[in-house]
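# Coordinate inspection notes
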Amino acid sequence: MELQGSRFADFLKPGQVVYNLKAEDKIQAVEELLDVLVKLKLIENKKPILTRVLDRERLESTAIGHGVALPHARMDTGHDIAVVVGRSAAGIDFDSVDKKKVHIIILIVWNPSIPGLFNHLFAGLAQFLRNPGFRKRLLEAKNKTELYKVISEIELNLPVQEDKIISRASLLWKLQEIEIQKKKAPKAKKKELQKKADLIRQELDVALLDRFDRLMERYGFAVAEVEGGACLGCFINVATGMGSAIEGSNDIYVCENCGKFLISKKKTHQ
Ligand SMILES: [Zn+2]
């Protein structure tokens with residue numbers, strides 16, 4: 001499937017937009033949206049996808065702030081991708097980073113046979129959702145037609161510099177915590193932790209995971225916190241300006257001294 005130059009509307013028909021969600025909480029909202037996909041025959045089995053989406057939410061909320069959430073799951077549904085958008089006027093508690101209720105939910109289920117699709121799609125979405133003017137139009141759309149029109153404008157051109165909407169550093173941090181727990185866990189618990197680890201691994205590129213695994217093997221940990229401008233993995237100061245860049249960014253930084261991935265201590269203590 002060619003994504004370069006495509007529009008979000010290529011994956012979204014008007015029937016995949018719900019202007020007034022009835023749901024009052026996160027689980028109901030995901031269920032209501034999946035029901036739409038079942039009705040449109042874009043997915044067959046709701047239950048396993050619901051479980052996967054909610055497991056992913058439990059790892060880390062996909063609410064990105066400013067009233068928007070992007071719940072997702074990677075699963076073979078027989079289709080490349082299934083997208084559905086819901087709007088809630090009252091708002092839904094989605095454990096958002098900014099503690100605000102979510103009014104727009106973009107739910108995406110994509111096929112694992114299409115590598116990279118997730119990153120491309122989210123990079124395209126990120127560019128639009130970061131724009132306050134665009135968000136305002138999205139949140140203030142007066143009816144279903146208007147909402148569909150606004151969403152249809154999203155282009156999926158690959159940005160020159162990939163814009164990451166999901167914090168990969170914090171996913172790597174979670175993966176590290178799970179891998180460390182896994183080492184000491186009894187057999188039954190190990191399986192459960194492995195399932196969580198796999199969920200995270202599905203969202204990260206192979207090269208990144210490769211590096212992560214090598215660091216884990218060599219040092220027992222791969223991601224180091226940054227505090228007061230120093231890498232807590234090696235206690236050497238990181239390059240000037242990098243400390244604050246790490247705090248404000250969703251991208252991956254690597255310690256120039258010890259080679260570990262860096263994460264802001266603020267992000268690990270949320
Ligand atoms: Zn270091």
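As the structure is a prediction and not an experimental result, all values here were calculated from the model. (Residues numbered from 1 in each chain as written. Predicted model: local features only at pLDDT ≥ 70, side-chain atom pairs only at ≥ 80, totals over all residues. Heavy atoms only, no water.)

In terms of regular secondary structure, the protein chain is built from ten helices and ten strands. Here the C-alpha radius of gyration of the protein chain, 19 Å, is about what a compact globule of 270 residues would show, namely 18 Å. Expressed along its principal axes, the backbone C-alpha trace of the protein chain runs to roughly 55 × 45 × 35 Å. Looking at the protein chain as a whole, 50% of its 270 residues qualify as buried. Sequence-distant contacts, at least 24 apart, represent 68% of the contacts inside the protein chain between residues at least 6 apart. For the protein chain, the accessible surface area stands at approximately 13,600 Å², while carbon and sulfur atoms represent 51% of it. Averaging the locations of the 43 positively and 36 negatively charged side chains of the protein chain gives two centres separated by 3 Å. (Helix = DSSP H or I, 4+ residues; strand = E, 2+ residues; numbered from the N terminus. Rg over C-alpha atoms; globule rule 2.2 N^0.38 Å. Buried < 20%, exposed > 50% of the residue type's maximum accessible area, 1.4 Å probe, protein only. Contact = heavy atoms within 4.5 Å. Areas by Shrake-Rupley, 256 points an atom, 1.4 Å probe, with all protein chains shown as cover. Lys, Arg positive; Asp, Glu negative; His and termini not counted. Charge placed at Lys NZ, Arg CZ, Asp CG, Glu CD.)

All right, on to helix α1 (residues 26-39) then. Relative to the 20 Å expected for 14 residues at 1.5 Å per residue, α1 spans 20 Å between its end C-alpha atoms, a close match to the ideal helical length. Buried residues along α1 sit against β1 (17-18), α2 (46-59), β5 (81-92) and β6 (102-110). Where α1 begins, the side chain of D25 points an oxygen toward the backbone nitrogen of I27, at a separation of 3.2 Å. Looking one or two residues beyond α1, the residue adopting positive phi is K41, at roughly 60°. (Expected span 1.5 Å × (residues − 1). Polar contact = N/O pair within 3.5 Å; in protein donor to acceptor, adjacent residues only side chain to side chain.)

Take the pattern of salt bridges next. Per the counting criterion, the structure on display carries 15 salt bridges. As a salt-bridge pair, D55 and R58 come within 2.9 Å of each other at their nearest N and O atoms. Pair noted here: D55 and R58 are both in helix α2, with a separation of three residues, about one helical turn. Among the ionic pairs, R137 bridges to E153, the shortest N-O distance being 2.7 Å. (Salt bridge = Lys/Arg side-chain N within 4 Å of Asp/Glu carboxyl O.)

What follows covers the packing of aromatic side chains. Counted under the stated rule, the structure contains one aromatic pair. A centroid spacing of 5.0 Å and a plane angle of 75° characterise the contact between F128 and F134, whose relative ring orientation is edge-to-face. A relative accessible area of 19% means that F128 is categorised as buried. Under the relative-accessibility criterion, F134 is labelled buried at 5%. Lying over the aromatic face of Y19, R87 brings its terminal NZ or CZ to 3.8 Å of the ring centre. The positively charged end of K260 is found above the aromatic ring belonging to Y219, 4.2 Å away from the centroid. (Phe/Tyr/Trp six-rings, centres within 6.5 Å; stacked < 30°, edge-to-face > 60°. Lys NZ or Arg CZ within 6 Å of the ring centre and 35° of its normal.)

Turning our eyes to something else, we now look at the environment of A230. Assignment of secondary structure puts A230 in strand β8 (residues 230-231). Looking at A230, the relative accessible area reads 13%, which means it is buried. Distance in space between the C-alpha atoms of A230 and C255 is 9.5 Å, their sequence separation being 25 residues. Residues within four places of A230 in sequence aside, it is in contact with E225, I236, N237 and V238.

Attention now moves to the coordination of the zinc ion. The zinc ion binds to the protein through C231 (SG), C234 (SG), C255 (SG) and C258 (SG); the donor distances cover 2.3 Å. Angles of 107 to 115° at the metal separate the four donor atoms of the zinc ion, which places the site in the tetrahedral class. On the basis of relative accessible area, C255 is assigned to the buried category, the value being 4%. Judged by its relative accessible area of 14%, C258 falls in the buried class. (Donors = N, O, S within 2.8 Å, 3.2 Å for Na, K, Ca; no water. Tetrahedral: all angles 85-135°; square planar, octahedral: opposite > 155°, others 65-115°.)

So, about the packing of helix α4 (residues 132-140) against helix α5 (residues 144-152). Two elements in contact, α4 and α5, have axes whose closest approach is 8 Å; the angle formed by their N-to-C orientations is 155°. Taken together, the axis directions place α4 and α5 in an arrangement best described as roughly antiparallel. As α4 packs across α5, the resulting crossing turns out to be left-handed. Taking contact as the criterion, the partners of F134, R137, L138 and E140 in α4 are, on α5, E146, L147, V150 and I151. Of the residues in the contact of α4 with α5, the class split is five nonpolar, no polar and three charged. (Axes fitted to C-alpha atoms, helices over the stretch in contact; angles between N-to-C directions. Parallel < 35°, antiparallel > 145°, perpendicular 65-115°, else oblique. Left-handed = near helix turned anticlockwise from the far one by under 90°. Nonpolar A, V, L, I, M, F, W, Y, C, P; charged D, E, K, R; others polar.)

All quantities given are derived from atomic positions and should not be read as evidence of function.
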